[in-house]
Amino acid sequence: MEAIRVTDNIYWVGAIDWNIRSFHGYTTPRGTTYNAYIMTGEKNILIDTVKRPFLDELLARIKSVIDPSKIDLIVSNHTEMDHSSSLLEMQKLTGAKVLASRKGKEGLALHFPELKVDAVEDGSEIRCGGKTLRFIDTPMLHWPDSMFTYVPEDKLLFSMDAFGQHYATNARFNDEVDQGILFHEAAKYYANIIMPFGARVVKTLEKASELDIQILATAHGVIWRKDLGKILKAYSDWGSNVTKEKAVIVFDTMWGSTATMAQHIADGIASQGVEVQVLKLGDTDRSWVIKEVLDARAIVVGTPTINNTMFPSVADLVFYMKGLRPKGRIGAVFGSHGWNGGGTRAVREQLEVTGLELPLEDLQVNYVPHEAEKERCREMGRQIAMKIKEKK
Ligand code: FEO
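Notes on the structure follow. Note that the structure is a prediction, hence the values are computed from the model and not measured.

Here we look at the overall build of the protein chain
The secondary structure content of the protein chain amounts to 12 helices and 23 strands. For 392 residues, the compact-globule formula gives about 21 Å, and the C-alpha radius of gyration of the protein chain, at 24 Å, lands near that figure. In terms of principal-axis extent, the alpha carbons of the protein chain reach across some 80 × 35 × 35 Å. Here the protein chain holds 392 residues, and 58% of them are scored as buried. A separation of at least 24 residues holds for 71% of the contacts in the protein chain among residues at least 6 apart in sequence. Taken as a whole, the protein chain presents about 15900 Å² of accessible surface, with 51% of it coming from carbon and sulfur. For the protein chain, the distance from the average position of its 48 positive side-chain charges to the average position of its 51 negative side-chain charges is 1 Å.

This is how it looks when you write it as structure tokens:
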């Protein structure tokens, strides 16, 4: 296992987790990487570590460049354990000081009480081995402790989780991989991890615009070294809730009635030239749905009624979405019920809390949609399309 050179004396020494399929509930069909970096010179500096089971991989890659015991300093940009859980072993091995943001110092103390950490101030710089390290707090992007580390000599930003992708590949750079897959995974990552902090993203991009950046060395997936404008523009759009003329219909069904409704609503939306995605829960996991929600202007949720409330798989999605807080979007609700309703009302209450605008009445069908009800569904679809077009 070799280190990969990023600049003259900065190397990627991370680990590839080819087979992780759930990252705390977010499905990762393409695995992920835990990116750590080593800067070599008069002083050797390790930027972050890897998830503890991958410590040997980290050490092997460092050894291909330097003796790991020669590390003089470790920077911890983020406390979450996919990056911090090898810190203690690395400190024991090297005796190196660990630097983190103030919140990072507090958080690391709660994770690893034995770890010795010094706090660095936002905007402060240190010189080490002929390099400058400038620390930039990026609170809630996506934890309170998160920070960037900028190296002006290399125009390189260690950007922590920002700009990451859960994408295991032997390629290390953005220009070496399929661009469709790359942006799909970057969008899915943003939607599932960063979305609640869009306002912070916009502020951070403003702060970062003062820096001359040629390389974004992220903590997951490939390193951005070409066409940085594309991923920066994507983050700017996502952070500002820029959407397109697109609706996501997400539903579950007991005996096919709510599925039939979904199909006819989709027909109504598509008839107006608006893009539509139809996703059945149970077959499509929540993290995929949220990726599709990212650029959609409308979220249309369908549920059968069970025990006077929404279907469990719909509840899972709605609660997940409530935490991620997609803003500036339209919501709509539909579903089939038997003797008593209750499912659509329960969904509506949660979507209101999520902050979606709900301009249409819920569409409910008793038992099975026949031709008249199917036409009502198509009409709902047409109205959703009209609301999408009105909302620029
Ligand atoms: Fe990749 Fe928030 O840790």
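Regarding the sheet that holds strand β23 (residues 363-366)
Strand order in the open sheet made by the 5 strands is β18-β17-β19-β22-β23, with parallel pairing throughout. Both outer strands of the open sheet, β18 (275-280) and β23, are each paired with one neighbouring strand and no more. In this sheet, adjacent strand axes meet at a mean angle of 15 degrees when their direction is disregarded. Pairing between strand β17 (residues 244-251) and strand β19 (residues 296-302): 6 bridges, direction parallel. Paired with Ile-249 across the strands is Val-300, a residue of β19. Packing of helix α12 (residues 371-390) onto the sheet brings it into contact with β17, β19, β22 (330-337) and β23, and relative to β22 it is tilted by some 170 degrees.

Looking at the environment of Gly-273
Tracing the sequence through the fold places Gly-273 in the loop between α8 (257-270) and β18. What makes Gly-273 exposed here is its relative accessible area of 60%. With 254 residues separating them along the chain, Gly-273 and Asn-19 place their C-alpha atoms 40 Å apart.

Points about the sheet that holds strand β10 (residues 97-101)
An order of β1-β2-β7-β8-β9-β10-β11 is seen for the 7 strands of this open sheet, with the pairing classed as mixed. Two strands lie at the open edges of the sheet, namely β1 (4-7) and β11 (117-120), each paired on one side alone. Recorded for the sheet is a direction-independent mean angle of 25 degrees between the axes of neighbouring strands. The pairing of β10 with β11 spans 4 bridges and is classified as parallel. When the sheet's bridge partners are listed, Val-98 is paired in β11 with Val-117. Along the sheet, helix α3 (residues 87-94) makes contact with β8 (45-47), β9 (73-75) and β10, crossing β9 at roughly 170 degrees.

Points about a nonpolar patch on the surface
Taken together, the side chains of Trp-339, Tyr-367 and Val-368 present a nonpolar region at the surface, about 410 Å² in accessible area. Residue position: Tyr-367 is located in the loop between β23 and α12. A residue is classified by how much of its surface remains accessible, and Tyr-367, at 47% relative accessible area, is partly exposed.

Details of the nonpolar core
In this structure, Ile-231, Tyr-235 and Trp-238 are the most contacted members of the largest nonpolar core, which totals 56 residues. A per-element tally of this core places helix α5 (residues 179-194) first, with 8 residues. When we break this core down by domain, the ones giving at least three residues each are domain 1 (4-239) and domain 2 (247-387). Discounting residues that sit within four places of it in the chain, Tyr-235 has contacts with Ala-162, Phe-163, Gly-164, Tyr-189, Tyr-190, Ile-194, Val-201 and Leu-205. Core analysis: the next-biggest nonpolar cluster, separate from the first, contains 29 residues, Val-13, Ala-15, Val-50 and Leu-108 among them.

About the cut-offs
- Residues numbered from 1 in each chain as written.
- Predicted model: local features only at pLDDT ≥ 70, side-chain atom pairs only at ≥ 80, totals over all residues.
- Heavy atoms only, no water.
- Helix = DSSP H or I, 4+ residues; strand = E, 2+ residues; numbered from the N terminus.
- Rg over C-alpha atoms; globule rule 2.2 N^0.38 Å.
- Buried < 20%, exposed > 50% of the residue type's maximum accessible area, 1.4 Å probe, protein only.
- Contact = heavy atoms within 4.5 Å.
- Areas by Shrake-Rupley, 256 points an atom, 1.4 Å probe, with all protein chains shown as cover.
- Lys, Arg positive; Asp, Glu negative; His and termini not counted.
- Charge placed at Lys NZ, Arg CZ, Asp CG, Glu CD.
- Pairing = 2+ DSSP bridges.
- Axes fitted to C-alpha atoms, helices over the stretch in contact; angles between N-to-C directions.
- Patch = residues over 30% accessible without salt bridge, like charges linked within 9 Å, V, L, I, M, F, W, Y side chains within 5 Å.
- Salt bridge = Lys/Arg side-chain N within 4 Å of Asp/Glu carboxyl O.
- Core = buried A, V, L, I, M, F, W, Y, C linked by side-chain atoms within 4.5 Å.
- Domains from an automatic or database assignment.

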